[in-house]
Amino acid sequence: MDTARMNEFLKDIELFKDLNDEELKLLADNLEEIKLQPNSLLFSENSPRKYLYIIFDGEIELYKTTTFGEEKRLTFFKKYDFLGEGSLMDDYPHSTSARSILITTVFAISREKFTALSRKQPSIAFKVLSRVSRVISRRMRLTSTRVINAGAQYISGRTRREHDMLGERDVPFEYYYGIQTLRALENFNISGVTLAMYPVLIEAMAMVKMAAAEANFELGLLPGNIHKALVQACGEIIAGKFHTHFVVDMIQGGAGTSTNMNANEVIANRALEILGYEKGQYEYCHPNNHVNLSQSTNDVYPTAISVAIYNSNKKLTEVLSRLIESMCKKGREFAHILKMGRTQLQDAVPMTLGQTFEAFADTLREEIDRLEQNARLFLEVNMGGTAIGTGITADPEYSDKVIRQLRRITGLDITLAPNLVEATSDTGPHIMYSSALKRLAVKLSKISNDLRLLSSGPRAGLNEINLPKMQPGSSIMPGKVNPVIPEVVNQIAFKVIGNDLTVTMAAEAGQLELNVMEPVITQSIFESTEMLKNGMMTLQLRCIEGITANEDICRRMVENSIGLVTALVPALGYDTCTQLAKEALDNNRGVYELVLEKKLLSKDELDKLLDPRNMIVAKKRV
């Protein structure tokens, strides 16, 4: 690339805006050109930072791999963006990975070359590192509990002036959201949990907006060029782009209006770019007049929530299915191990350890049906009802068209509610689904309690099973290891139960034609779903799969238990067996020896009745 073209390119990079032409030329001479094919890795998580990367063309995706091996898409970078600026100061490992989406050209400078250049021209280091500190400061401000170092876009200092009914405000030029989102940020600094933490909801909002754009175009209400740009912008959001610009707190006043406007503004500004305009030039594509055409928050927001909950339930049940399969594997592995069954924490009758885990699996398997049954309630939506269900401002044919488009885009069997006024104020599906989440949480907690009891000890408890040792259990007691994974699942259950109460109270608090408490209902359901999903993955991978059995201890408890006397009831009667059990307990003697001593049964008869393997299934009485 010739010097003039390279200098013009570098001048548009935020880090180099303070450099003069001579300094830019010196920098350009030290840059290395890298050509990437689609899906090529630029750098990987935990590898040392070595280069500052500057994107000349193409597109780079930033992502992070979770402890369970899942990839979490964070953001995308295009021309004039840069990555790895911290490498100019240290070699601390990358916290994320980056790969090309398209054929991409990247220019890179290593820390070694930058250091050498800085010795030759100290002003370069001063100017560039000053800019780096600003970028890092901003990125740290945008750090959230969902991701660390999401690689948010830089602040250039440029702003655009926007207005609404309350006045005018300056919005940072790089942001795709606008003035109403800016006001929501100021008004609702509540939980710190933003829309960006729930990609499934953002994607559902984009699906609804795409369906609306398609329906409005069919009706002749939306110009072709704007329709095309809106569909493309929504498609990009569905694909995972621009999620970091959905910044509104999940808990908000206004019945979801801030969420709807955040989506409207991001889609409008991305559409403006596609049309060749700059962000904020709303005379060419307006958040309300075009993106929100034929809609209201009161039908868009509930419909998007319904789609999002239905889709998130698919992932939840997938994770639950894997946990169930792990329980089944343990059931098969432990099928031959006899243990003592207990009721009210007292010895009952023998069973196998495999039966314990099979019971865990079956009780959880029921929950897949319950979750799917209740999730299907969300397939009936109020799209087209607009403000209160009367359809004001929408074309009479709009509802049918938008539902048909929404079915196509989502791939779901979505139907229009028969009474849109009723559907606009109704939160019945949320109550039902939240209760299903609570039911699952209660069962998981009960299973966790059982795992903690069965592994208690190891010397002064039941000690029938060993949980995987995950971490030291005490700062004062050497050798102690705690059942930390079941404990955290217990705590997740308590949160889910509390969230279900929140959903119930918020649903009851709805008034007249709208339930304005839907944001807290939504946040509660998504929080419960996410915690249950993460908790079940943790339980499966860090606990269930590593459980081992103490077979000798299990058998010894069966042989020493007074509970064996239950097997003699058909032969000797309840009263005689009660006396045997009492005498065995009082005198610390075995049931077996007492029966023979009293000549109540022959040795062969007794051995057959007291064989533990004959006591784990029902037998026909002769």
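Residues numbered from 1 in each chain as written. Predicted model: local features only at pLDDT ≥ 70, side-chain atom pairs only at ≥ 80, totals over all residues. Heavy atoms only, no water.

**Comments concerning the overall build of the protein chain**
Applicable threshold: Strands here are runs of E lasting at least two residues and helices are runs of H or I lasting at least four, both read from the DSSP assignment and numbered beginning at the N terminus. Using C-alpha atoms as the atom set, the radius of gyration is obtained and then compared with a globule rule of 2.2 Å times the number of residues to the power 0.38. Note on exposure labels: buried denotes an accessible area under 20% of the residue type's maximum, exposed denotes more than 50%, and partly exposed covers the range between, all computed with a 1.4 Å probe on protein chains only. Note on definitions: a residue-residue contact is assigned when non-hydrogen atoms from the two residues lie within 4.5 Å.
Secondary structure summary: the protein chain contains 21 helices and 16 strands in total. Here the C-alpha radius of gyration of the protein chain, 32 Å, is well above what a compact globule of 622 residues would show, namely 25 Å. Considered along the principal axes of its C-alpha atoms, the protein chain spans approximately 110 × 70 × 40 Å. With 622 residues in all, the protein chain has 52% of them scored as buried. A separation threshold of at least 6 residues defines the contact pool for the protein chain, and within that pool the share at least 24 residues apart is 72%.

**Focus: the sheet that holds strand β6 (residues 82-83)**
Pairing between sheet strands relies on hydrogen bonds along the backbone, with the strands arranged either parallel or antiparallel. Heads up, the rule is: Pairing between strands is defined by DSSP: at least two bridges between them are needed. For helices, the axis comes from a line fit to the C-alpha atoms of the stretch in contact; other axes are also lines fit to C-alpha atoms, and the angle between any two N-to-C directions lies between 0 and 180 degrees.
Pairing is antiparallel across the open sheet formed by four strands, whose spatial order is β1-β8-β3-β6. The open sheet has two free edges, formed respectively by β1 (32-36) and β6, since each of these has just one partner strand. The strands that helix α1 (residues 3-11) touches are β3 (51-57) and β8 (104-110); relative to β3, the one it contacts most, it runs at about 110°.

**Observations regarding the packing of helix α14 (residues 428-454) against helix α16 (residues 518-542)**
What counts is decided by this rule: Note that the term roughly parallel is reserved for angles under 35 degrees, roughly antiparallel for angles over 145, roughly perpendicular for angles of 65 to 115, and oblique for everything else. In this scheme the crossing of two helices becomes right-handed for a clockwise turn of the near helix relative to the far one and left-handed for an anticlockwise turn of less than a right angle. Amino acid classes used here: Ala, Val, Leu, Ile, Met, Phe, Trp, Tyr, Cys and Pro are nonpolar; Asp, Glu, Lys and Arg are charged; the rest, including Gly, are polar.
Remark: α14 packs on α16, axes separated minimally by 11 Å, with the N-to-C direction vectors making an angle of 30°. Between α14 and α16, the angle falls in the class roughly parallel. For the pair α14 and α16, the crossing hand works out as left-handed. Contacts between α14 and α16 pair His430, Tyr433, Ser434, Leu437, Leu440, Ala441, Leu444 and Leu451 from the former with Glu518, Ile521, Ile525, Ser528, Thr529, Leu532, Met536 and Leu539 from the latter. Looking at side-chain class alone, the contact of α14 with α16 contains eleven nonpolar, four polar and one charged residues.

**A short note on the confidence of the model for the protein chain**
Stated formally: Think of pLDDT as the predictor's per-residue confidence, scored from 0 to 100.
Confidence in the prediction for the protein chain averages 90 pLDDT; 95% of positions are at 70 or higher. Here helix α4 (residues 122-141) is the element of the protein chain with the lowest mean pLDDT, 74, and helix α6 (residues 199-218) is the one with the highest, 98. The low-confidence segment residues 142-156, where pLDDT is below 50, has 45 contacts with residues more than four positions distant or belonging to other chains.

**Observations regarding the sheet that holds strand β4 (residues 60-65)**
Spatially, the four strands line up as an open sheet ordered β2-β7-β4-β5, and their pairing is antiparallel. Both edges of this open sheet fall to β2 (41-43) and β5 (71-77), since each of them pairs with a single strand only. Direction aside, the axes of adjacent strands within the sheet are offset by 30° on average. In this structure, β2 lies alongside strand β7 (residues 97-100), joined through two bridges in antiparallel fashion. Along β7, the bridge assignment pairs Leu41 with Arg99.

**Focus: the packing of aromatic side chains**
To be explicit about the condition: By convention, a stacked pair of Phe, Tyr or Trp rings (six-membered ring in the case of Trp) has centres within 6.5 Å and planes under 30 degrees apart, an edge-to-face pair has planes over 60 apart, and any other such pair is tilted. Here, a charge over a ring is recorded when the distance from Lys NZ or Arg CZ to the ring centre is within 6 Å and its angle to the ring normal is within 35 degrees.
Scanning all chains against the criterion turns up 13 aromatic pairs. For the pair Tyr51 and Tyr53, a centre-to-centre distance of 5.8 Å together with 40° between the ring planes defines the contact as tilted. Residue Tyr51 is classed as partly exposed on the basis of its relative accessible area of 26%. Among the aromatic side chains, those forming a connected cluster through ring pairs are Phe9, Phe56, Tyr80 and Phe107. Above the plane of the ring of Tyr63 lies Arg99, whose end atom (NZ or CZ) is 4.0 Å from the centre.

**Examining the pattern of salt bridges**
We count it as follows: When a carboxyl oxygen of Asp or Glu lies within 4 Å of a side-chain nitrogen of Lys or Arg, that pair is called a salt bridge.
A complete count under the given rule lists 41 salt bridges for this structure. A salt bridge links Arg161 to Asp170; the nearest nitrogen and oxygen atoms lie 2.7 Å apart. With relative accessibility at 38%, the residue Asp170 sits in the partly exposed group. Across the salt bridge formed by Arg270 and Glu273, the nearest N and O atoms sit 2.9 Å from each other. One end of the pair, Arg270, and the other, Glu273, are both in helix α8 (residues 257-275), three residues apart, so they sit about a helical turn from each other.

**Points about a nonpolar patch on the surface**
Convention followed: Each patch is assembled from residues with relative accessible area greater than 30% and no salt bridge, linking like charges that lie within 9 Å and nonpolar side chains (Val, Leu, Ile, Met, Phe, Trp, Tyr) that lie within 5 Å. Areas reported here follow the Shrake-Rupley algorithm with a probe of radius 1.4 Å; residue values treat only the protein chains shown as occluding.
Judged by side-chain polarity, Val442, Phe494 and Ile497 come together as a nonpolar surface patch covering roughly 270 Å² of accessible area. Inspection of the secondary structure assignment puts Ile497 in helix α15 (residues 484-508). On the basis of relative accessibility, which here comes to 36%, the residue Ile497 falls in the partly exposed class.

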